[in-house]
Structure formats: structure tokens, C-alpha cells
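Breakdown of the fold
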Amino acid sequence: MKYYIIAGEASGDLHASHLMRSLMMVDAKAEFRFFGGDLMAAVGGTLVRHYRDLAYMGFLPVLMHLPTILRNMKMCKQDIVEWQPDVVILVDYPGFNLDIAKFVRSKTEIPVYYYISPKIWAWKEYRIKNIRRDVNELFSILPFEVDFFEGKHHYPIHYVGNPTASEVAAFRRDYQQTFDDFARANGLDLHRPIIALLAGSRRQEIEDNLPAMIRVASQFPDYQLVLAAAPGIDDDFYQQVLSRISRTSEVGKSFHIVKNQTYALLSHARAALVTSGTATLETALFHVPQVVCYHTPLPRFIGFMRKLVLSVRYVSLVNLIADSEVVRELVADQFTDIRIYSELSRILEGPERQRMLEGYNRVAALLGNHSAPDEAARLMVKLLSEHR
């Protein structure tokens, strides 16, 4: 069968690439055409547009790049109609993908499947109307979404397990590199433990979060700072950010960047400062205590509005899954150097560290041990066969 897949950012590229491999195992004649990234391209098929041309975040960046976004959207719609796939599979990225879903459902007979459902339980809950109207089948990777979609909105979905849990489990099972090997390979100090910095996958996130992370973590001289570089972000950009940080020369002595080694880094980290997103869950599944950091403009105003706009108490996946505060979230007006320093101190040693690790065990148990891409692929092929 022919699968048209749309992933709009680095995490979507990762999850979609695993789904593609699983689809190939179930459907030997699978053909792929996609908006995505390098990981999807490595699996095979035709890359129509790279997610770097899609991943704009925030009101101003979206407004500035609106002509590009609209051109890509128009191109995507035309390409789907011309290729006539058996299914369109949307991967997260709701701002773009829900518009594509509306077009496909109104202009074609092609079924629309959504893998990694939009997080409308956090905000924009009104989008359930669009999903109900335009999405044939929704595949969830978060266990609490079953109650939200089915219990609250009476919209049946498929919980297939969590792909991040599957990916981390597979990596930890096969990874054999020692701390010394990892340190030597990356020019690190063999005698100082690591504070990992995961500052986001988008340029704006990195610019906003990384300076404070470095300022604070560099105040712990017994540790070395290692940044996990995001896919698609070049070295020059990180150097530009670093050059704007005060005390750059001092930071440089204990600051390192690793590329395409996030899971290896987390395997050896003592603690982490993490921008909210999938990285918070990855960090938890590697049992690395963390502080969730997320800078916003107008922090006091956003801190106030957050209580009015968001439908959930937490922003990190770890806390959302546990339905309790396993990790500390420093967002908006809580995002200050003093608060980050205080929370990082508490998780490097002491009872808070152990409490957090116990919370991680609860999160892992709630996620289960299903292989999400395998389960999703099996269900998709079965449903498509029935649809035919």
C-alpha cells in the first residue's frame, strides 16, 4: 500500500521513521512519500519537503514565515491528490496537520490516520470537532488520553503504547559503552560527572533556554556541562548563542556539545536541565533526575495566563502521565537562575533525588511495555484492509 506521512519536527521524524519500519514488516509492498526529515529518508521512499521548512514556533516566527508555510501547505495538498495514497498518516504537529486533514476529508476519499494525537487536552480543546470530523482513526501514545477522548468526548481511539518508551528500552538493552569510553570519545573529563543540557529542538527554544541553563550549571565546578545538540541545528548557531552568554570563556572550560548522542549522554548523566517536551520523558526513562526549564516572553503575564488558558496542571509529559509532580517545572515566572540553581542542587544529591527516581518507576509502569510503532502498524494495516 501507499502511505503519505507528514511529520513537522525532529521528534516526529524520529517516531515516523520507526513507524515506517514497522509498516514495512507488516506490509511488504509498502511505499512511502512524506514531509519529514533525515531519519525518515534513511528508511526509504520520497522526501517531498524537510521539516526544517515547517518547524516555526510562536506567533511572530509563524507570522514572519507565513508565505512559506502557506506555500508548503498548498504543495502538500496538491502532492497528496496527485499521488493518491491509500492513507494519509499525520504525526503530531497539529497546526499544519489538522488543516491537511480537513482538506483530505473534504476533497478526497483517502482515509486520514493520526499517529501521536494532538495535545488538545492541554489547550484548544475545541479542536475535538475537527478531529471528529476529519480524522478516521486516532492512535494515542499517552495512556491518560484514552479517558480524555473516549470518556469525556466519546471519540474512540487506539492506545498503542509509547514510542519513546520503546525507543529508550531498545537503546538501553543494546548500549554497552562505559562512561570512560563515552568521555574519551567526546573529549570529556573522566573524573567529573555530567550535567546534561537538553535545550529544545527549535532555534527559538535554544536561544531562550540555553543561556540560563549554562549560567546556572556552570556554578557547579565539580560537574561538567554537556549539551545534546538538536538535529538540524548547525554548530555555528550554538556558537552564536554561546558568544552572547556572559562569562563565555569560563563556561568554555567545562562545556561540551555532542551531536546525535542524546541517549548515550543520558545514559551517563548525573542530572539534567531539560526544556519541556518529549525530552522530559526520555530523561525520566533513563532515570536521570531533571529540572524542567521553559522560558517565555513576558513571564509574569504568561504565568498568570497559563492558569486561565491551559486545561492541565502540568506541562511536562512526566508529570502529566503520573498525574502528580514528579519533576519540578520552572515555567514562565518560575524560570529564574535562582530557582534553577536551587532545584538542581536538590537533585544532584539527597532525598529529592530518590523521590524523583521512584516517581520515574511509576511513570514507566503506566506507559506499559508495548512496542508502539509495531502495534500502530499492525492496526493500521488491518484497518486499511477492512476499509478496502
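Predicted, not measured: the structure shown is a model, and the values here were computed from it. Per chain, residues are indexed from 1 in the order of the written sequence. Totals for whole chains, interfaces and linings use every residue, but because this is a predicted model, local features are given only for residues with pLDDT of at least 70 and side-chain atom pairs only at 80 or more, for both listing and counting. Note: side-chain values were computed over all heavy atoms of the structure, leaving out hydrogens and water.

**As for the overall build of the chain**
Helix numbering and strand numbering both begin at the N terminus, where a helix is a DSSP run of H or I of at least 4 residues and a strand a DSSP run of E of at least 2. Regarding its fold elements, the chain presents 19 helices and 13 strands. Only protein chains enter the area calculation, which uses a 1.4 Å probe; residues under 20% of their type maximum are buried, those over 50% are exposed, and those in between are partly exposed. The buried share of the chain, taken over its 388 residues, is 52%. Considering only contacts in the chain between residues 6 or more positions apart, those separated by 24 or more positions represent 67%. For the area figures, the Shrake-Rupley method with a 1.4 Å probe applies, and any residue is considered shielded solely by the protein chains shown. Total accessible area on the chain is roughly 17,700 Å²; 53% of this is exposed by carbon and sulfur atoms. Contacts are residue-level and defined by heavy atoms, with any inter-residue pair within 4.5 Å sufficient.

**Observations regarding the confidence of the model for the chain**
Mean pLDDT for the chain: 89, with 90% of residues reaching 70 or above. Taken as a whole, residues 301-306 scores under 50 in pLDDT and shows 10 contacts with residues more than four places along the chain or in a different chain. Known as pLDDT, the predictor's confidence for each residue is given on a scale from 0 to 100.

**Describing the pairing of strand E3 (residues 46-50)**
Each regular strand shows side chains that alternate between the opposite faces of the sheet. Sheet topology places strand E2 (residues 31-36) next to E3; four bridges connect them, and they run parallel. Residue pairing for E3: Arg 33 is matched across the bridge by Thr 46. Taking the sense of rotation as the criterion, the β-α-β connection linking E2, helix H2 (residues 38-43) and E3 turns out right-handed. Pairing between two strands requires that DSSP report at least two bridges joining them. By definition, the crossover connecting two strands over a helix is right-handed if that path, from the first strand to the second, turns clockwise as seen with the strands pointing away from the viewer.

**Observations regarding unusual backbone geometry**
Residue Gln 84 is not a glycine yet carries a positive backbone phi of 55 degrees. For Gln 84, the location among the structural elements is in the loop between helix H4 (66-83) and strand E4 (87-91). Look at His 287: it is not a glycine, yet its phi comes out positive at around 60 degrees. Along the chain, the position of His 287 falls in the loop between helix H14 (278-285) and strand E12 (290-294).

**Points about the nonpolar core**
Here the nonpolar core consists of buried residues drawn from Ala, Val, Leu, Ile, Met, Phe, Trp, Tyr and Cys, with membership extended through side-chain atoms lying within 4.5 Å. In this structure, Tyr 3, Ile 5, Ile 6, Ile 89, Tyr 115 and Leu 197 are the most contacted members of the largest nonpolar core, which totals 133 residues. With eight residues, helix H19 (residues 372-387) is the single largest residue contributor to this core.

**Side note on the packing of helix H10 (residues 203-217) against helix H17 (residues 337-348)**
Note on definitions: angles span 0 to 180 degrees between N-to-C directions of axes, and those axes are lines fitted to C-alpha atoms, for helices only across the stretch in contact. With their axes 9 Å apart at the nearest point, H10 and H17 run at an angle of 55 degrees to one another. Between H10 and H17, the crossing angle belongs to the class labelled oblique. Viewed along their axes, H10 and H17 form a crossing whose handedness is right-handed. Taking contact as the criterion, the partners of Ala 212, Arg 215, Val 216 and Ala 217 in H10 are, on H17, Asp 337, Ile 340, Tyr 341 and Leu 344. Each residue is assigned to one class: nonpolar for Ala, Val, Leu, Ile, Met, Phe, Trp, Tyr, Cys and Pro, charged for Asp, Glu, Lys and Arg, and polar for all the others, Gly among them. Grouping the constituent residues of the contact of H10 with H17 by class yields six nonpolar, no polar and two charged. In this scheme, roughly parallel covers angles under 35 degrees and roughly antiparallel covers those over 145, while 65 to 115 is roughly perpendicular and the rest are oblique. For a crossing to be left-handed, the near helix must be turned anticlockwise from the far one by less than a right angle; the clockwise case is right-handed.

**Notes on helix H11 (residues 235-243)**
Looking only at H11, the buried set comprises Phe 237, Tyr 238, Val 241 and Leu 242. Seen from one end, H11 has its buried residues packed into an arc of 140 degrees, which puts them on one side. For H11, the exposed residues lying more than 90 degrees away from the buried face are Asp 236 and Ser 243. By definition, the arc is the one covered by directions from the helix axis to the C-beta atoms.

**Notes on the environment of Gln 334**
Here Gln 334 shows up in the loop between strand E13 (328-331) and H17. It is 8.9 Å that separates the C-alpha atoms of Gln 334 and Tyr 294, two residues lying 40 residues apart in sequence. The residues touching Gln 334, leaving out its near neighbours within four places in the chain, are Glu 329 and Arg 339. Nitrogen and oxygen atoms within 3.5 Å of one another constitute a polar contact, given that in protein one can donate a hydrogen and the other can accept it, and given that sequence-neighbouring residues count only through two side-chain atoms. Looking at Gln 334, its side chain comes within polar contact range of the side chain of Arg 339, at 2.2 Å.

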